[in-house]
Amino acid sequence: MSLPEGYGYIPSSLITIGWVLVWQGIMVGRYRKRAGIEYPQPYAEKAEAKDSTVALRFNCMQRAHQNTLESAPVVFVSTIVAGLKYPALAAAICVAYSFARIVYTIGYKSGQPKRRLCGSIVSNLSVFGLLSIATYAACQLLPPC
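Here the structure is a predicted model, which means the values were calculated and not measured.

**Student:** Even after reading the chapter, I still don't get the nonpolar core, so can you show me in this structure?
**Tutor:** Note that soluble globular proteins tend to have their nonpolar side chains buried in a common cluster. Ranked by size, the top nonpolar core spans 17 residues in total, and within it Ile10, Ile17, Val75, Cys94, Tyr97 and Leu130 carry the most contacts. At the level of elements, helix H1 (9–35), helix H3 (53–83), helix H4 (87–108) and helix H5 (117–141) are the ones that each hand at least two residues to this core. Examining the composition of this core, we find that five residues originate from one element, H4, more than from any other. What Leu130 contacts, discounting residues up to four positions off in sequence, is Val75, Ser78, Thr79, Ala82, Ala90, Ile93 and Cys94. Membership of the second largest hydrophobic core comes to eight residues, among which are Val28, Tyr31, Ile37 and Ala44.

Here's what the structure looks like:
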C-alpha cells in the first residue's frame with residue numbers, strides 16, 4: 001500500500017496541534033505564576049478560585065490545556081487514518097480543530113467559562129467529523145470477506 005497523493009498535508013496539519021499545545025503549556029505556566037499555585041498542585045483550590053480572579057483564570061487555563069490533551073489522541077489517530085483515503089479533507093478538519101482549540105482557549109482563559117462554547121462546538125464537530133471519516137476509511141481498507 002502506498003500513501004495517497006496529498007498525504008503530505010497530514011503531518012503538516014498534525015504539527016498545528018503540537019503548536020497549540022506548546023502555546024497552552026506556556027500560558028498555563030504564566031497563569032500558574034500569577035496565581036502563586038505551587039507545583040505539584042494541578043489546580044487552585046475551590047476557595048482560592050472563588051476569592052481570586054487570578055486563581056480562577058489559572059484553573060480555566062489549566063482546564064483548557066487538559067481538555068485539549070484529552071481530545072488530541074483521537075484527533076491524531078483519526079487524522080492519520082482518514083488521511084489514507086481523504087488526505088486533504090482530513091488535514092483541513094485537523095487544522096480547523098487546532099484553530100477551534102485556540103478560540104476555545106482564549107474564551108476559557110477569560111475566567112468566564114461560557115466564553116469557550118464557540119471553540120468547543122467547532123472542535124467537537126471536528127473530532128466527530130474526523131472520527132467518522134476515519135471509521136469510513138478504515139472500513140474501506142478492510143479486505144473483502
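**Student:** For this particular structure, what's the right way to read a nonpolar patch on the surface?
**Tutor:** Residues Ile15, Trp19, Val22 and Ile26 make up a contiguous nonpolar surface patch of roughly 450 Å² in combined accessible area. Mapped onto the elements, Trp19 comes out in helix H1.

**Student:** How should the environment of Phe76 be read in this particular structure?
**Tutor:** Note on placement: Phe76 falls in helix H3. Classification of Phe76 by relative accessible area gives partly exposed; the value is 30%. For the pair formed by Phe76 and Leu131, sequence separation is 55 residues and the distance between their alpha carbons is 10.0 Å. Not counting residues within four places of it along the chain, the set of residues in contact with Phe76 comprises Leu14 and Ile17.

Conventions and cut-offs
All residue numbers refer to positions counted from 1 along the written sequence of the respective chain. In keeping with the predicted nature of the model, local features appear solely for residues at pLDDT of at least 70, side-chain atom pairs appear and are counted solely at 80 or more, and the whole-chain, interface and lining totals rest on all residues. Remark: hydrogens and water are excluded; side-chain values derive from all non-hydrogen atoms of the structure. In this description, a nonpolar core means a group of buried Ala, Val, Leu, Ile, Met, Phe, Trp, Tyr and Cys residues linked to one another through side-chain atoms lying within 4.5 Å. In this scheme, a residue with accessible area under 20% of its type's maximum is buried, one over 50% is exposed, and one in between is partly exposed, where area comes from a 1.4 Å probe on protein chains only. Numbering goes from the N terminus for both helices and strands, where a helix is a DSSP run of H or I of at least four residues and a strand is a run of E of at least two. By definition in these notes, contact holds between two residues if any of their heavy atoms fall within 4.5 Å. Within the patch definition used here, like charges are joined within 9 Å and nonpolar side chains (Val, Leu, Ile, Met, Phe, Trp, Tyr) within 5 Å, considering only residues with over 30% relative accessible area and no salt bridge. Using a 1.4 Å probe, the Shrake-Rupley method yields the accessible areas, and only the shown protein chains count as cover for residues. Salt-bridge detection follows one rule: a side-chain nitrogen of Lys or Arg within 4 Å of a carboxyl oxygen of Asp or Glu.

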